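Structural features, examined
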Amino acid sequence: MTKYLEIGQIVNTFGIKGMVKVKPFTDDIKRFDKLETIYIENKSGRKEYEVQEVKYHKNMVLMKLRDINTMEEAELLRQSYLLVDREKEEPLEEGVYYIVDLLGLEVFTDEGQLLGKVDDIFNTGSNDVYVVKDELGKQVLLPGIPEVLKEINLEEGKITVHLIAGLM
C-alpha cells in the first residue's frame with residue numbers, strides 16, 4: 001500500500017494573497033477542514049506545508065498555506081498534487097476502499113474466469129464504474145454495485161464479480 005494518498009490537485013491560484021484552488025479527489029470535500037498539514041508533490045519533489053485556511057467555492061477547495069503569500073508563489077504550485085499521510089487518516093468504513101488500493105487488482109467472475117485487472121475507477125454520479133483491462137488491452141466496464149461486486153480481497157489482490165445480463 002502507498003504511504004501517501006492523493007486528495008486533490010492545485011489547478012489555479014485564487015486572489016492575490018497566495019491562496020490556491022484545488023480540485024478535490026475525494027467523496028468528502030469537508031475533509032479538508034480537518035487538515036493541519038499537507039504534502040505538495042510536483043516535478044521538484046514533495047514538500048510539507050501547514051494549512052492556514054480552507055474555504056469552498058463552486059465544488060473547489062481554496063487553501064491558504066503557510067509561506068505562500070503571493071499570487072506568484074501560488075502559481076509555482078499549479079498542477080501539483082496534494083497528498084496526506086495514510087497513517088494519519090481516519091479508518092475507512094467497512095466495505096469502503098481507497099481507489100489507489102483497488103488499482104491493479106485481478107478481477108475474476110464468480111465462476112473463476114479472469115477478466116483482467118482494475119485499470120481505472122470513475123464515478124458516474126449514481127455509482128462507481130470499474131474499468132477492467134485484460135492482457136490484450138480489451139476493456140470491460142463494471143458498475144460498482146452490490147449485485148456485481150461480490151468480494152474485494154486486498155490481501156489476495158483480487159475482486160470477485162457476478163456478471164449480470166447485459167454487461168458483456
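Our structure is the block above this text.
Description of the structure in this document. (Residues numbered from 1 in each chain as written. Predicted model: local features only at pLDDT ≥ 70, side-chain atom pairs only at ≥ 80, totals over all residues. Heavy atoms only, no water.)

Thoughts on the layout of surface pockets
By volume, the largest pocket amounts to about 1700 Å³. Taken together, 47 residues form the lining of the largest pocket, with Thr26, Asp27, Leu92, Tyr97 and Tyr98 sitting closest to its centre. Listing elements by their share of the lining of the largest pocket, those giving two or more residues are strand E1 (4-14), strand E3 (37-42), strand E6 (81-85), helix H2 (99-102), strand E8 (114-123), strand E9 (128-133) and strand E11 (149-153). Taken together, the residues that form the lining of the largest pocket break down as 24 nonpolar, 7 polar and 16 charged. Forming the walls of the second largest pocket are 12 residues, and the residues nearest its centre are Arg86, Pro91, Leu92, Tyr98 and Asp101. A breakdown of the residues in the lining of the second largest pocket according to their chemical character gives 7 nonpolar, no polar and 5 charged. (1 Å grid on protein atoms, 1.4 Å probe; cavity = no way out; pocket = protein on both sides within 12 Å on 5 of 7 lines; lining within 4 Å. Points joined across faces, edges and corners; volume = space filled by probe spheres on them. Helix = DSSP H or I, 4+ residues; strand = E, 2+ residues; numbered from the N terminus. Nonpolar A, V, L, I, M, F, W, Y, C, P; charged D, E, K, R; others polar.)

A word on the pattern of salt bridges
Pairs can form between side chains of opposite charge once their charged atoms are near each other. Under the counting rule described, the total for this entry stands at 8 salt bridges. In this structure, the salt-bridge partner of Lys55 is Glu53, at a minimum N-O distance of 3.4 Å. The exposure class assigned to Glu53 is partly exposed, which follows from its relative accessible area of 33%. Here Lys133 ties to Asp119 by a salt bridge, and the two come within 3.5 Å at their closest N and O atoms. Here Lys133 is found in strand E9, whereas its partner Asp119 is found in strand E8, with 14 residues between them in sequence. Here Asp119 falls in the partly exposed class, since its relative accessible area comes to 41%. (Salt bridge = Lys/Arg side-chain N within 4 Å of Asp/Glu carboxyl O. Buried < 20%, exposed > 50% of the residue type's maximum accessible area, 1.4 Å probe, protein only.)

A word on the sheet that holds E8
Pairing between the strands of a sheet is mediated by backbone hydrogen bonds and can be parallel or antiparallel. Spatial ordering of the open sheet is given by E10-E9-E8-E7-E12-E11, a layout of 6 strands whose pairing is mixed. Edge positions in the open sheet fall to strand E10 (139-143) and E11, since each of these has one partner strand only. Between one strand and the next, the sheet's axes are offset by a mean angle of 35°, whatever the strand orientation. (Pairing = 2+ DSSP bridges. Axes fitted to C-alpha atoms, helices over the stretch in contact; angles between N-to-C directions.)

Examining the sheet that holds strand E4 (residues 45-57)
One closed barrel holds the 6 strands; their spatial order is E1-E2-E5-E4-E3-E6, and the pairing between them is antiparallel. Adjacent strand axes in the sheet meet at a mean angle of 50°, parallel and antiparallel pairs treated alike.

Observations concerning the pairing of E6
Most of E6 is tucked away: 4 of the 5 residues are buried. Two strands pair when backbone bridges link them, and E1 and E6 are joined in this way by 5 bridges, in the antiparallel orientation. From the neighbouring strand, Tyr4 faces E6, where its bridge partner is Asp85. Pairing geometry for E3 and E6, over 3 bridges, is antiparallel. Paired with Ile40 across the strands is Leu82, a residue of E6.

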